[in-house]
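Chain residues, written in single-letter form:
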Amino acid sequence: MAVIEADGVIIKEVKVGEQDKIITVFTKQLGKISVSAGGVRSPKSRLKGAQLFCYSHLTLYASQRGYRLNDCELIHTFRELSDDLELLSYAAYFADIIALGEQDKVPNPPLLQLFLNTLYLLSTRKKTAVLLKSIYELRAACLMGFQPRLHACVRCGREEGAFGISNSAGGLVCRGCMADCIPISSAVLAAMRHISYAPPDKIFSFQASGETMQGLGKICESYLLYQLDIRPKTLTFLKELFT
């Protein structure tokens, strides 16, 4: 049985028996993994970093049967999320995108960093949850292999005129090539280009409101769900309660 250390955030947990849990952890070194966490629900447990949305340093026992949690050192907890149902609902949806759309055991450090940065901005309210949702959806799609082509029409190469977004074509299309695309304004297109192409430390450095925010939200959500082919229940719950 090998001993492995990894840094990761708990994105899902399932109660087992009276004191145990199965946790899904998105780690820097191992990617998305399932871990058996025995005794963590006991009041006497010292493994306080094995809670939902905790970012922790994990010591794991690895065998052919999977991973078992041996030790857990808390790095950061986004405790503000648990105090606000709306923020918690957004965080759960963001986590579901990884849980449902990311392959098991495939490291993706940029996606982990995006997730952590988004949770931080969400929990501290430094950006609105609605704007964070759009940024996270589109950038996550890019980091999971579905970056949209946004410089010109993907069908004919046209760079000027009226455009829309086609999920099936994977990017920008002119109205002459595809009439049933989602119309896009110049402001929304500029925002999408920023989210898709900006360096990691500049992704969140813009604002949007009004019609631009509404259009951006619709397109980013639609594009992500189509490309990953997922229908998260957490998104349905979020919309029922807060939109």
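Residues numbered from 1 in each chain as written. Predicted model: local features only at pLDDT ≥ 70, side-chain atom pairs only at ≥ 80, totals over all residues. Heavy atoms only, no water.

A. Expanded view of the packing of helix 3 (residues 129–143) against helix 4 (residues 186–197). Remark: helix 3 packs on helix 4, axes separated minimally by 9 Å, with the N-to-C direction vectors making an angle of 55°. Overall, the two elements helix 3 and helix 4 adopt an arrangement that is oblique. Seen from above, helix 3 lies across helix 4 with right-handed handedness. On helix 4, the residues that touch Ser134, Ile135, Leu138, Arg139 and Cys142 of helix 3 are Met192, His194, Ile195, Ser196 and Tyr197. Looking at the contact of helix 3 with helix 4, its residues break down into six nonpolar, three polar and one charged. (Axes fitted to C-alpha atoms, helices over the stretch in contact; angles between N-to-C directions. Helix = DSSP H or I, 4+ residues; strand = E, 2+ residues; numbered from the N terminus. Parallel < 35°, antiparallel > 145°, perpendicular 65-115°, else oblique. Left-handed = near helix turned anticlockwise from the far one by under 90°. Contact = heavy atoms within 4.5 Å. Nonpolar A, V, L, I, M, F, W, Y, C, P; charged D, E, K, R; others polar.)

B. Structural detail: helix 4. In this model, helix 4 (twelve residues) spans 16 Å end to end at C-alpha, consistent with the 16 Å of a helix rising 1.5 Å per residue. Buried within helix 4 are the following residues: Val188, Leu189, Ala191, Met192, Ile195 and Ser196. The arc enclosing the buried residues of helix 4, seen along the axis, measures out at 160°, which places them on a common side. (Expected span 1.5 Å × (residues − 1). Buried < 20%, exposed > 50% of the residue type's maximum accessible area, 1.4 Å probe, protein only. Arc of directions from axis to C-beta.)

C. Fine view of the nonpolar core. Judged by nonpolar contacts, the single largest core of 65 residues is most densely connected at Phe115, Leu122, Ile184, Met192 and Leu216. For this core, the leading source of residues is helix 1 (residues 85–101), giving nine residues. Leave out the neighbours within four places in its chain, and Ile184 touches Phe163, Gly164, Ile165, Leu172, Leu189, Met192 and Ile219. (Core = buried A, V, L, I, M, F, W, Y, C linked by side-chain atoms within 4.5 Å.)

D. Representation of the side chain of Ser196 within the structure. Here Ser196 lies in helix 4. The exposure class of Ser196 is buried, given its relative accessible area of 6%. At 2.9 Å, the side chain of Ser196 forms a polar contact with the backbone oxygen of Met192. Sequence-distant contacts of Ser196, that is, excluding residues within four places in its chain, are made with Leu138, Arg139, Cys142, Gln147, Pro148 and Leu150. (Polar contact = N/O pair within 3.5 Å; in protein donor to acceptor, adjacent residues only side chain to side chain.)

E. The arrangement of the pattern of salt bridges in detail. As enumerated under the stated definition, the model contains seven salt bridges in all. Between Arg46 and Asp71 there is a salt bridge, and its shortest N-O distance comes to 2.9 Å. On the criterion of sequence distance, the pair formed by Arg46 in the loop between strand 3 (31–37) and strand 4 (54–63) and Asp71 in strand 5 (residues 66–77) is long-range, its members being 25 residues apart. Exposure remark for Arg46: the relative accessible area of 57% places this residue in the exposed category. Lys133 is paired through a salt bridge with Glu137; the nearest N and O atoms lie 2.9 Å apart. With Lys133 and Glu137 both in helix 3 and four residues apart, this pair spans about one turn of that helix. Neither residue differs from the other here; Lys133 and Glu137 are each classed as buried. (Salt bridge = Lys/Arg side-chain N within 4 Å of Asp/Glu carboxyl O.)

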